[in-house]
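A closer look at the structure
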Amino acid sequence: MPDSGLLQTFLPARPELLRFLRLRGAMPDEAEDILQSMGLKLAEQETGPVDQPRAYLYRMATNEFLLHRRGDARRRRRDESWVDAQSGFMREVDPQPSAETVLIASQHLHLLQGVITAMPERTATIFRLFRLDGVPQKTIAADLGISVSAVEKHLARAYLDILQARKKFDEESGPARHPAHEQGHHHD
Amino acid sequence: MTETASDLTETALRWHIRLRNGGDADWDAFADWLAQNPDHAEAYAEVEAMDHALDSALPDLHFPAPQPAEPQPVAANDDAPAPARRWRWAAGAGGALAAGLVLALVGGPFGEHGSSRYQITTAPGESRTIDLDAGTQITLNGDTQMVFDRKDARFARLDHGEALFAVQHDTQHPFTLEMGTSRIVDIGTLFNVVSLPDQTRIAVAEGAVDYRPDGQSIPLHAGQQMQADTAAGTARVSPIDHDTVGSWRHRRLSYDGSPLEQVAQDLGRVLGAAIRVDARIAHRPVFGTIDVQDITPVRIPLLASALNVRVVKQGKTWILKPAHGPTP
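A look at the overall build of chain B
For chain B, the count of helices and strands is eight helices and 16 strands. Burial status across chain B gives 49% buried among its 328 residues. If you take every contact in chain B between residues at least 6 apart in sequence, the share linking residues at least 24 apart comes to 47%. In the form shown here, chain B has an accessible surface area of approximately 15,300 Å², with 51% of it arising from carbon and sulfur atoms.

Okay, structure coming up:
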């Protein structure tokens with residue numbers, strides 16, 4: 001049974017994955033839900049033999065966890081607009097927030113562009129290859145003729161620059177107003 | 001506290017970078033690191049959210065052009081399939097998120113939608129699954145290019161290649177798939193689409209779709225497939241077994257009289273290899289199921305007897321020739 005490899009790894013790895021999901025912050029029943037849907041997906045999707053199967057399962061668990069979290073926030077927003085549409089009740093809409101959101105998004109873009117322009121060219125190129133083009137570190141290292149750890153240093157530098165610029169931006173534009181936070185949390 | 005907040009952020013960042021292509025040992029070590037201190041998970045989630053927030057901005061950012069002195073090893077040989085080292089087939093199958101991370105920069109032709117659209121491309125032999133919303137999932141076969149809209153989960157465009165669509169029906173917002181000047185509007189369904197330069201094939205497993213080439217309308221129901229010649233503007237509808245729709249996902253290809261030429265194209269997409277057919281047998285019908293579970297490009301000659309052909313390799317291309325033809 002060459003195609004049941006992942007499922008065979010999944011069953012013994014289940015306790016580890018449960019621990020991992022709990023460590024990531026999943027509630028006990030949420031973690032169980034995620035593992036159950038993983039089991040179903042694995043049973044029906046028949047992948048070929050995978051090397052590093054536990055890494056595959058950890059990654060899958062992470063994806064499911066994030067989809068769960070981000071999906072919750074989206075669903076809540078959708079439910080609200082559905083209620084509005086069904087009840088025929090016009091929620092008092094203040095046009096200000098959406099204009100402000102647009103403004104913040106464009107400021108965010110401007111800020112990121114500034115950070116990237118300020119980076120050493122090689123750092124920016126490595127970041128682009130990794131983050132935009134999805135090229136693995138090992139391949140970037142081989143293509144540029146440098147070590148994997150050098151690639152990772154460039155990437156850490158690029159991400160740190162972005163993080164720092166963002167922190168500064170958040171402090172200046174007030175709390176809880178960043179696009180990143182909309183993904184995970186619910187705003188009233 | 002032995003580590004400062006910024007040290008912790010940097011450590012979390014290094015994990016985040018390493019894990020993108022991490023192996024078993026990296027993930028085990030990461031779990032142990034999370035267990036050391038609850039602050040670790042929080043720092044990691046912050047880094048993850050920051051990275052995720054880049055998604056919307058990335059297509060609009062300008063990066064410095066790579067130095068001209070740097071040779072581009074991949075772009076240099078146009079016709080060769082992308083090197084296998086880039087993507088493993090199985091590694092792509094698990095990650096909706098991983099696929100979402102690979103956003104390619106798309107330029108001007110999208111008019112006012114410009115910034116919210118993004119492109120996902122699979123290399124030959126690779127396969128990826130994209131979740132557009134809770135009920136809509138799209139699986140891209142190898143050598144396929146699609147465009148999605150971050151602001152509109154009910155839109156997709158298939159530029160070329162093959163994809164399987166599991167679409168949740170919503171009368172208010174029907175799902176629309178664009179292909180050139182044609183479009184498909186779903187009526188709640190599971191369907192497979194192959195888009196080639198001069199041909200479109202659609203097979204419906206569940207529900208129904210409406211194929212609209214240049215404003216016309218061809219309804220297709222479960223158990224039907226359609227083959228359209230897009231240049232001539234003709235389409236032929238025939239029955240198909242539900243179970244075989246999208247069977248390429250399981251690395252099984254089923255045919256009920258399809259021409260060998262089409263079989264070769266399908267094999268090429270799934271295996272990540274260039275496969276051509278001698279014109280003398282290009283239209284020969286193929287019946288039955290080909291299991292390519294254990295087939296890698298180097299093992300393509302194993303298919304010779306199943307397809308009743310002779311397999312010849314010319315450069316990087318496999319050519320299927322008549323089994324008993326004259327030897328060159």
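From this point on, the discussion continues.
Quick notes on the overall build of chain A
The number of helices and strands found in chain A is eight helices and zero strands. The secondary structure elements of chain A, listed N-terminal to C-terminal, are α-α-α-α-α-α-α-α. Counting every position in chain A, which comprises 188 residues, the buried fraction comes to 42%. Counting contacts in chain A only where the partners sit at least 6 residues apart, residues at least 24 apart contribute 62% of the total.

Points about the confidence of the model for chain B
Predicted confidence across chain B gives a mean pLDDT of 75, with 81% of residues reaching 70 or more. Below pLDDT 50 for its whole length, residues 67-114 of chain B participates in 92 contacts with residues either more than four positions away or in separate chains.

Quick word on the packing of aromatic side chains
Taken as a whole and assessed by the stated rule, the structure comprises 14 aromatic pairs over all chains. Between the aromatic rings of B:Phe30 and B:Tyr44, the centroid separation amounts to 4.7 Å while the plane-to-plane angle is 55°, which identifies the pairing as tilted. Of this pair, B:Phe30 sits in helix H2 (residues 24-36) while B:Tyr44 sits in helix H3 (residues 38-57), and the two are 14 residues apart along the sequence. According to the relative accessible area criterion, B:Phe30 is buried, its value standing at 0%. You can call B:Tyr44 buried: its relative accessible area is 4%. A connected cluster of aromatic rings, assembled from ring pairs, spans A:Phe20, A:Tyr58, B:Trp15, B:Trp27, B:Phe30, B:Trp33 and B:Tyr44. Here the guanidinium or amino end of B:Arg20 rests over the ring plane of A:Phe130, the centre of that ring lying 3.8 Å away.

Details of the packing of helix H5 (residues 121-132) of chain A against helix H6 (residues 137-144) of chain A
All names here are of chain A. Running from amino to carboxyl end, H5 crosses H6 at an angle of 140°, the nearest separation of the two axes being 10 Å. Accordingly, the angle class assigned to the pair H5 and H6 is oblique. Crossing angle aside, the handedness with which H5 passes H6 is right-handed. For the pair H5 and H6, contact is made by Arg122, Ile126, Leu129 and Phe130 and by Gln137, Ile140 and Leu144, respectively. Here the residues of the contact of H5 with H6 are counted per class, giving five nonpolar, one polar and one charged.

Comments concerning the sheet that holds strand E15 (residues 309-314) of chain B
All names here are of chain B. Within the open sheet, the three strands sit side by side as E13-E16-E15. Their pairing is mixed. Two strands bound the open sheet, and with one partner strand each, they are strand E13 (274-277) and E15. Neighbour to neighbour, the strand axes of the sheet diverge by 30° on average, direction disregarded. Two strands pair when backbone bridges link them, and E13 and strand E16 (residues 317-322) are joined in this way by four bridges, in the parallel orientation. Pairing of Ala274 across the sheet is with Thr317, part of E16. Each of E13, E15 and E16 is contacted by helix H7 (residues 260-271), which is oriented at about 175° to E13, the strand it contacts most.

Some words on the pattern of salt bridges
All names here are of chain B. Scanning the entire structure with this criterion turns up 20 salt bridges over all chains. In this structure, Arg269 engages Glu162 in a salt bridge whose closest nitrogen and oxygen atoms are separated by 3.1 Å. Here the residue Arg269 occupies a position in helix H7, and Glu162 occupies one in strand E5 (residues 152-167), the gap between them amounting to 107 residues. The same class applies to Arg269 and to Glu162, which are both buried. Three or more residues joined by partner-sharing salt bridges are found here, namely Glu162, Arg201, Asp266 and Arg269.

Digging into helix H1 (residues 5-19) of chain B
With 15 residues, H1(B) extends 21 Å between its outermost C-alpha atoms, agreeing within 8% with the 21 Å of an ideal straight helix rising 1.5 Å per residue. Buried within H1(B) are the following residues: B:Leu8, B:Thr9, B:Ala12, B:Leu13, B:Trp15, B:His16, B:Ile17 and B:Leu19.

So, the pairing of strand E11 (residues 234-239) of chain B
Pairing of strand E10 (residues 224-229) of chain B with E11(B) involves six bridges; the strand directions are antiparallel. Residue pairing in the sheet places B:Gln224 in a bridge with B:Pro239 of E11(B).

Focus on the side chain of B:Ser182
Within the secondary structure, B:Ser182 sits in strand E7 (residues 182-196). Within polar-contact distance, the side chain of B:Ser182 engages the side chain of B:Tyr211 at 3.4 Å.

Here we look at the environment of A:Arg54
Tracing the sequence through the fold places A:Arg54 in helix H3 (residues 53-87). Taking the C-alpha atoms as reference points, A:Arg54 and A:Glu16, 38 residues apart in sequence, are found 9.7 Å from one another. Discounting residues that sit within four places of it in the chain, A:Arg54 has contacts with A:Thr9, A:Ala13, A:Glu16, B:Asp24 and B:Asp28.

Here's the deal with the nonpolar core
Grouped burial of nonpolar side chains is what soluble globular proteins tend to show. Residues A:Leu17, A:Met38 and B:Phe30 are the most contacted members of the largest nonpolar core, which totals 67 residues. If one sorts the elements of this core by residue count, helix H7 (residues 148-173) of chain A sits on top with ten residues. Of all hydrophobic cores here, the second largest spans 30 residues; its members include B:Trp248, B:Leu253, B:Val277 and B:Ile290.

Overview of the pairing of E16(B)
All names here are of chain B. Most of E16 is tucked away, with six of its six residues classed as buried. The pairing of E15 with E16 spans six bridges and is classified as antiparallel. The residue bridging Val309 from the neighbouring strand is Pro322, located in E16. Here E15 folds back onto E16 in antiparallel fashion, the turn holding two residues, of which Gly315 has a positive phi close to 60°.

What about H3(B)?
Taking 1.5 Å of rise per residue, the 20 residues of H3(B) would be expected to cover 28 Å, and the 31 Å separating its terminal C-alpha atoms lies within 8% of that figure. Looking at where H3(B) begins, the residue whose side-chain oxygen comes 2.9 Å from the main-chain nitrogen of B:Asp39 is B:Asn37.

Looking at the packing of helix H1 (residues 5-24) of chain A against H2(B)
Axis separation between H1(A) and H2(B) bottoms out at 10 Å; the angle between their running directions is 45°. One finds that H1(A) runs oblique with respect to H2(B). Crossing angle aside, the handedness with which H1(A) passes H2(B) is left-handed. On H2(B), the residues that touch A:Glu16, A:Arg19, A:Phe20, A:Leu23 and A:Arg24 of H1(A) are B:Trp27, B:Asp28, B:Phe30, B:Ala31, B:Asp32, B:Leu34 and B:Ala35. Tallied by class, residues from the contact of H1(A) with H2(B) come to seven nonpolar, no polar and five charged.

The rules behind these values
Residues numbered from 1 in each chain as written. Chains lettered and ligands numbered in written order. Predicted model: local features only at pLDDT ≥ 70, side-chain atom pairs only at ≥ 80, totals over all residues. Heavy atoms only, no water. Helix = DSSP H or I, 4+ residues; strand = E, 2+ residues; numbered from the N terminus. Buried < 20%, exposed > 50% of the residue type's maximum accessible area, 1.4 Å probe, protein only. Contact = heavy atoms within 4.5 Å. Areas by Shrake-Rupley, 256 points an atom, 1.4 Å probe, with all protein chains shown as cover. pLDDT = per-residue confidence, 0-100. Phe/Tyr/Trp six-rings, centres within 6.5 Å; stacked < 30°, edge-to-face > 60°. Lys NZ or Arg CZ within 6 Å of the ring centre and 35° of its normal. Axes fitted to C-alpha atoms, helices over the stretch in contact; angles between N-to-C directions. Parallel < 35°, antiparallel > 145°, perpendicular 65-115°, else oblique. Left-handed = near helix turned anticlockwise from the far one by under 90°. Nonpolar A, V, L, I, M, F, W, Y, C, P; charged D, E, K, R; others polar. Pairing = 2+ DSSP bridges. Salt bridge = Lys/Arg side-chain N within 4 Å of Asp/Glu carboxyl O. Expected span 1.5 Å × (residues − 1). Polar contact = N/O pair within 3.5 Å; in protein donor to acceptor, adjacent residues only side chain to side chain. Core = buried A, V, L, I, M, F, W, Y, C linked by side-chain atoms within 4.5 Å.

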